[in-house]
Amino acid sequence: MRRRTILVLGLVALAAVAGACAPNATQSALEPKGPYAQKGFDLFVPVFWVATAIFFIVEGVLLFFIIRYRHRKARATMPPQVHGNTKLEIGWTILPTLILAGVAVPTVATIWDLAAEPQGEVLQVTVLAHQWWWEFDYPDQGIITANELHIPTGQPVYLTMCAVGLGYEQQIAPSTCQDQPAAVGDSVIHSFWVPELAGTQDVIPSRTTYLTIQADEPGTYEGQCKEFCGLSHAYMKFKVVAHDPAGFDGWIAEQQAPAAPSPPGDPEAGAGVFLGTCTGCHAIAGLEDPNGNPLIANGGPDLTHFASRDCFAGCMLATTDENLRRWLENPPAVKAGSWMPDYGLSDQELDQLVAFLNALE
Ligand code: CUA
């Protein structure tokens, strides 16, 4: 009786946990929203049913033998033994071999298919995994953004990916994983995953990996780092925003335009705070350091069109004044292990910096 109570309570707890996951149901590889995710799903379904059938056959036979040949007082003799039965042994060697071969052929074919570089009209994007946020560089368009990967619908997007640490961007510009220096600083392994658009791909220091994603319909697809990479691994999220082709061209044009010039007042004062505090790690196109050189991002996101992004800090926070102020006041208190330190900015400086960042449309 007590055992049954525990079982029922366990099932209720399991249902509650499953229910709590429901709001994230959009992050499901079982609902593919593009051809590359579809290929993985089309492989998963037959393999799943083959595995399910084998499970029920094996467990069914096991249960049958457990019950049929259970210990009984009246039956003292051993049942006939089948050891050395050549026909049986050949049979249970060949059957699993055939089943595994049947699963292996479509699996290997799908692996080759997904690994091939897409041909034709393809958008190239370089993905740099930082601790703990994502950088997206568009080498052909000259755009750098963070945590939001914008793509056109109906077109393959070929991702060239690597993990980087501090100092990476100062060694190569524009950043392409191919020119990766041997020493990449403090980087660790991450994994890129947008369940609705493709399978997962590890993102590794000193090594280049590739992944193709594609979305059929405009929309926002949630992604996240899938490999434990340190304290704030769980907050290393991102979004893929798919536009129709015209909308994507519009986004490209916005991002290529210079950042909005700061209007007088708080934003202008904020530019001073930015130049005095943030340029060791962050860059904004069009701004210069005291020696007249363009700023180069070093470990922190490029903030050129910061205000156009819906989220920041690895998409842990939505871009609101309140979140921004809380973040700038003491980043590690908001996101454990954040490389961005508490600079002890005054209330006035915080207000000015928030106004400045909000002006970066
Ligand atoms: Cu990056 Cu986990």
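Residues numbered from 1 in each chain as written. Predicted model: local features only at pLDDT ≥ 70, side-chain atom pairs only at ≥ 80, totals over all residues. Heavy atoms only, no water.

### Brief notes about the pattern of salt bridges
Then, number 1: Enumeration according to the criterion identifies 4 salt bridges in this entry.
Then, number 2: Salt-bridge contacts for K33 lead to E196; the nearest nitrogen and oxygen are separated by 2.9 Å. With K33 in the loop between α1 (2-21) and α2 (35-68) and E196 in the loop between β6 (190-193) and β7 (201-203), this residue pair connects regions lying 163 residues apart in the sequence.
Then, number 3: Owing to a relative accessible area of 31%, K33 belongs among the partly exposed residues under this scheme.
Then, number 4: K39 is the salt-bridge partner of D113, the closest N and O atoms lying 3.2 Å from each other. A residue pair is termed long-range when its members are at least 10 positions apart, and D113 in helix α3 (residues 86-115) and K39 in helix α2 qualify at 74 residues.
Then, number 5: Taking the relative accessible area as the measure of exposure, K39 reaches 28% and is therefore partly exposed.
Then, number 6: Taken together, the shared-partner salt bridges in this structure form one network comprising R325, D347 and D351. (Salt bridge = Lys/Arg side-chain N within 4 Å of Asp/Glu carboxyl O. Helix = DSSP H or I, 4+ residues; strand = E, 2+ residues; numbered from the N terminus. Buried < 20%, exposed > 50% of the residue type's maximum accessible area, 1.4 Å probe, protein only.)

### Observations regarding α3
The α-helix advances 3.6 residues per turn, and as a result positions three or four apart in sequence lie on the same side.
Then, number 1: Under the 1.5 Å per step criterion, the end-to-end length of α3 is 43 Å for 30 residues, consistent within 8% with the ideal 44 Å.
Then, number 2: With a side-chain oxygen lying 3.3 Å from the backbone nitrogen of K87, the N-terminal cap of α3 falls on N85. (Expected span 1.5 Å × (residues − 1). Polar contact = N/O pair within 3.5 Å; in protein donor to acceptor, adjacent residues only side chain to side chain.)

### A look at the state of the cysteines
Then, number 1: Taken as a whole, this structure holds 1 disulfide when the rule is applied.
Then, number 2: A sulfur-sulfur distance of 2.0 Å marks the disulfide that ties C311 to C315. Accessibility classification places C311 together with C315 in one group, the buried group.
Then, number 3: Cysteine C278 is unpaired, with the sulfur of C281 as its nearest cysteine sulfur at 8.8 Å. (Disulfide = S-S within 2.5 Å.)

### Some remarks on the side chain of D302
Then, number 1: The topology assignment puts D302 in the loop between α6 (266-277) and β11 (311-312).
Then, number 2: Buried charge without a salt bridge: D302, with R309 as the nearest opposite-charge side chain at an N-O distance of 4.5 Å.
Then, number 3: Looking at D302, its side chain comes within polar contact range of the side chain of T304, at 2.5 Å.
Then, number 4: Among residues more than four places away in sequence, those in contact with D302 are I144, A283, A297 and R309. (Lys, Arg positive; Asp, Glu negative; His and termini not counted. Contact = heavy atoms within 4.5 Å.)

### Details of a positive patch on the surface
Then, number 1: Positive charge collects at one region of the surface, where R68, R70, R72 and R75 lie side by side.
Then, number 2: Mapped onto the fold, R68 is located in helix α2.
Then, number 3: R68 sits in the partly exposed class, given a relative accessible area of 41%. (Patch = residues over 30% accessible without salt bridge, like charges linked within 9 Å, V, L, I, M, F, W, Y side chains within 5 Å. Areas by Shrake-Rupley, 256 points an atom, 1.4 Å probe, with all protein chains shown as cover. Charge placed at Lys NZ, Arg CZ, Asp CG, Glu CD.)

### Thoughts on the pairing of strand β1 (residues 123-130)
Within a regular beta strand, the side chains point alternately toward one face of the sheet and then the other, so they alternate between its two faces.
Then, number 1: Of all 8 residues in β1, 7 are buried, a share of seventy percent or more.
Then, number 2: Bridge count between β1 and strand β5 (residues 157-163): 7 bridges; the pairing is parallel. Note that in β5 the partner of L123 across the bridge is V157.
Then, number 3: Following β1, the chain reverses through 2 residues before pairing antiparallel with strand β2 (residues 133-138). (Pairing = 2+ DSSP bridges.)

### Some points on the environment of V188
Then, number 1: One can find V188 in the loop between α4 (168-171) and β6.
Then, number 2: In this structure, the C-alpha to C-alpha distance between V188 and A129, residues 59 residues apart in sequence, is 8.8 Å.
Then, number 3: Once you skip the residues sitting within four places of it in the chain, V188 turns out to touch Q131, A163, V203, P205 and C229.

### With respect to the sheet that holds β2
Then, number 1: Strand order across the open sheet formed by 5 strands is β3-β2-β1-β5-β8, with mixed pairing between neighbours. Each edge of the open sheet carries a strand with a single partner, namely β3 (143-146) and β8 (209-213). Strand after strand, the sheet turns through a mean of 25° between neighbouring axes, direction not considered.
Then, number 2: Helix-sheet contacts for helix α5 (residues 245-256) involve β1, β2 and β3, and the interaxial angle to β3 is about 95°. (Axes fitted to C-alpha atoms, helices over the stretch in contact; angles between N-to-C directions.)

### Structural notes on the packing of α2 against α3
For any two helices packed against each other, one specifies the crossing angle of their axes together with the interaxial distance.
Then, number 1: Between α2 and α3, whose axes approach to 10 Å, the crossing angle comes to 170°. With respect to their mutual orientation, α2 and α3 come out roughly antiparallel. Of the residues in α3, those touching α2 at Y36, K39, L43, V47, V50 and I54 are I99, V103, P106, T107, T110, D113 and L114.
Then, number 2: The class makeup of the residues in the contact of α2 with α3 is 9 nonpolar, 2 polar and 2 charged. (Parallel < 35°, antiparallel > 145°, perpendicular 65-115°, else oblique. Nonpolar A, V, L, I, M, F, W, Y, C, P; charged D, E, K, R; others polar.)

### Overview of the confidence of the model for the protein chain
Then, number 1: Considering every residue of the protein chain, the mean pLDDT works out to 86; 87% of them sit at 70 or more.
Then, number 2: Within the protein chain, no element has a lower average pLDDT than α4, which sits at 55, and none a higher one than strand β4 (residues 148-152), at 97. (pLDDT = per-residue confidence, 0-100.)

### Description of unusual backbone geometry
Then, number 1: Of the consecutive residues Q131 and W132, the connecting peptide bond is found in the cis state with omega at -5°.
Then, number 2: Position of W132 among the secondary structure elements: in the loop between β1 and β2.
Then, number 3: One non-glycine residue with positive phi stands out, namely N147, at about 65°.
Then, number 4: The exposure class of N147 is buried, given its relative accessible area of 3%.

### Examining the packing of aromatic side chains
Within a pair of aromatic rings, the relevant descriptors are the distance that separates the centres and the angle that separates the planes.
Then, number 1: Counted according to the given criterion, the structure contains 15 aromatic pairs.
Then, number 2: Geometrically, the ring pair formed by F48 and W49 is edge-to-face, given 5.1 Å between the ring centres and 75° between the ring planes.
Then, number 3: Overall, F48 belongs to the partly exposed group, its relative accessible area being 38%.
Then, number 4: Note on W49: relative accessible area 54%, which makes it exposed.
Then, number 5: The ring centre of Y69 lies 5.1 Å from the NZ or CZ of R68, which sits over that ring. (Phe/Tyr/Trp six-rings, centres within 6.5 Å; stacked < 30°, edge-to-face > 60°. Lys NZ or Arg CZ within 6 Å of the ring centre and 35° of its normal.)

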